[in-house]
Amino acid sequence: MNVALTMLAEGKGDALVSTGNTGALFTGATLIVRKIKGIKRAAIASILPMSPPVLLLDSGANISVTPAYLEQFAIMGSIYMHKIYGLSAPRVGLLNNGTEETKGTELQLETYKLLSDSPSLNFVGNIEANMVPKDACDVLVTDGFTGNILLKSIEGMGKMMLRTMKDIFYSDTLAKISGLLIKKKINDVKTVFDPNEHGGAPILGISKPVIKAHGSSNAKAVKNAIRQAIAYADSGVIYSIARETKLFMPETPSKKTEESAVSGVSEK
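Not measured: the values here are computed from a predicted model.

K.L.:
Can you break down the overall build of the protein chain residue by residue, with the values?
P.N.:
Within the protein chain, the secondary structure is distributed over 10 helices and 9 strands. Counting every position in the protein chain, which comprises 268 residues, the buried fraction comes to 44%. Looking at the protein chain as shown, the accessible area adds up to about 13400 Å², and 56% of this sits on carbon and sulfur atoms.

See below:
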């Protein structure tokens, strides 16, 4: 992993895909490849298997966060969904235990104010967990502790649903015949909940594309992670994030500063 990250930092590669330890990859990417200038913390951005898909960040890297971190997560996530999924104004939601703006801890209360006042965001307010599958937002921001629990809960629920469906359609002869009649529909559902379809999660905020794939990834997942890395490298996401960080810097960076912030990644 160290060799690969060093090669990426030295320009001997355009993107990196790893199925290795998440903590080691995140730390290595931060220290070796380094963050985009002006970004306080990088974040792991995971696609939740919804229709349409939802980008969750952070999904495990930053256990403790500040409102300023979450604001940057929201902006990075919005840029990613705009560039990769073609959304003109991605809807940003803040994961909370209620929809009212007075809900949550001090972190959620302060973050709500920041996101509401940010001119770069299409903020739609607080989002409860049961609203996530209901097309409530396109980007969902939270701390890495809560986000990782939500991500794994959704993954576990998806596996349980598929296992339950399989048990139903194998229960007797009539059920097997019914299953054959709707086999394509069942496969469509399996595709939605299959993490191998998404390949991996980008670490947003790093100056070059780094994709974290599941440690249990099969060949299909690795293939899709590589495709995802290529799309990420070609999208201009990193350059756009570098320009957007001018909002968080005490002075407006020069053109030269912007270019150095992305370590040679060209604008798309």
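K.L.:
Which residues make up the sheet that holds strand β8 (residues 200-204), and what values do they have?
P.N.:
Here 4 strands make up an open sheet; going across it, the order is β1-β9-β8-β2 and the pairing mixed. Each edge of the sheet is formed by a strand with only one pairing partner; in this case those strands are β1 (16-18) and β2 (43-44). Across the sheet, helix α2 (residues 22-33) lies against β1, β2, β8 and β9 (210-213), angled at about 175 degrees from β9, the strand it touches most. Seen against the sheet, helix α8 (residues 219-235) touches β1, β8 and β9 and runs at an angle of roughly 30 degrees to β8.

K.L.:
Before we move on, could you go through the sheet that holds strand β6 (residues 122-127) and cite the residues and values that matter?
P.N.:
Overall, mixed pairing links the 5 strands, which are arranged β3-β4-β7-β5-β6 in an open sheet. Since the sheet does not close on itself, it has two edges, and those belong to β3 (46-48) and β6, each with one partner. The mean inter-strand angle of the sheet, taken between neighbouring strand axes irrespective of direction, is 30 degrees. The sheet contact formed by strand β5 (residues 91-95) and strand β7 (residues 139-141) spans 3 bridges and is parallel. Bridging from a neighbouring strand, V92 pairs with V139 of β7. Taken strand by strand, helix α3 (residues 67-85) contacts β3, β4 (54-57), β5 and β7, and its axis lies near 160 degrees from that of β7.

K.L.:
Run through the packing of aromatic side chains, naming residues and quoting values.
P.N.:
Evaluated as defined, the whole model comprises 2 aromatic pairs. For the pair Y80 and Y232, a centre-to-centre distance of 5.8 Å together with 75 degrees between the ring planes defines the contact as edge-to-face. With Y80 in helix α3 and Y232 in helix α8, this pair connects stretches of sequence that are 152 residues apart. Residues Y80 and Y232 agree in their burial class; the two are buried.

K.L.:
An account of helix α5 (residues 144-169) is needed here, citing residue identities and associated values.
P.N.:
Along its 26 residues, α5 runs 38 Å from first to last C-alpha, staying within 8% of the 38 Å computed at 1.5 Å per residue. Among all positions in α5, only G144, G147, L150, L151, I154, G158 and F169 are buried. Capping the start of α5, D143 holds a side-chain oxygen 3.1 Å from the backbone nitrogen of F145, two or three residues further along.

Conventions and cut-offs
Residues numbered from 1 in each chain as written. Predicted model: local features only at pLDDT ≥ 70, side-chain atom pairs only at ≥ 80, totals over all residues. Heavy atoms only, no water. Helix = DSSP H or I, 4+ residues; strand = E, 2+ residues; numbered from the N terminus. Buried < 20%, exposed > 50% of the residue type's maximum accessible area, 1.4 Å probe, protein only. Areas by Shrake-Rupley, 256 points an atom, 1.4 Å probe, with all protein chains shown as cover. Pairing = 2+ DSSP bridges. Contact = heavy atoms within 4.5 Å. Axes fitted to C-alpha atoms, helices over the stretch in contact; angles between N-to-C directions. Phe/Tyr/Trp six-rings, centres within 6.5 Å; stacked < 30°, edge-to-face > 60°. Expected span 1.5 Å × (residues − 1). Polar contact = N/O pair within 3.5 Å; in protein donor to acceptor, adjacent residues only side chain to side chain.

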